[in-house]
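Reading the structure
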Amino acid sequence: MSEKFEDKLKRLEIIVEKLEGGDLDIEENLKLFQEGMKLGKDCRKMLDEIEQKVSRVLSADGEEVKTEPFDEPV
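These remarks concern the structure in this document.

Parameters and conventions
- Residues numbered from 1 in each chain as written.
- Predicted model: local features only at pLDDT ≥ 70, side-chain atom pairs only at ≥ 80, totals over all residues.
- Heavy atoms only, no water.
- Helix = DSSP H or I, 4+ residues; strand = E, 2+ residues; numbered from the N terminus.
- Contact = heavy atoms within 4.5 Å.
- Areas by Shrake-Rupley, 256 points an atom, 1.4 Å probe, with all protein chains shown as cover.
- Salt bridge = Lys/Arg side-chain N within 4 Å of Asp/Glu carboxyl O.

Structural notes on the overall build of the protein
A tally of helices and strands in the protein yields two helices and zero strands. Across the protein, contacts joining residues at least 24 apart in sequence account for 50% of those joining residues at least 6 apart. Accessible surface computed for the protein: about 6,600 Å², of which carbon and sulfur atoms make up 55%.

Right, here's the structure in full:
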């Protein structure tokens, strides 16, 4: 069974906290960094899949589908 998005994101947040803490040796830092990169890629893929599903639903309902980046400055 696949991990949920929220679980992956929570683990990624924990990894970031540990890496920012600076209390780990180089090998542990590398291990956590690699895990974090994989989790980030997995989360991005999951978000892309959800975005495609939402676009299909909106298209099926006759809505005009526009996409905008979420990280634009407010």
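Some points on the pattern of salt bridges
On inspection of all chains with the given rule, the structure shows four salt bridges. The shortest N-O distance in the salt bridge between D42 and K38 comes to 2.9 Å. Highlighted residues: D42 and K38, both in helix α2 (residues 26-60), separated by four residues, approximately one helical turn. Through salt bridges with shared partners, a single network forms among K8, K38 and D42.

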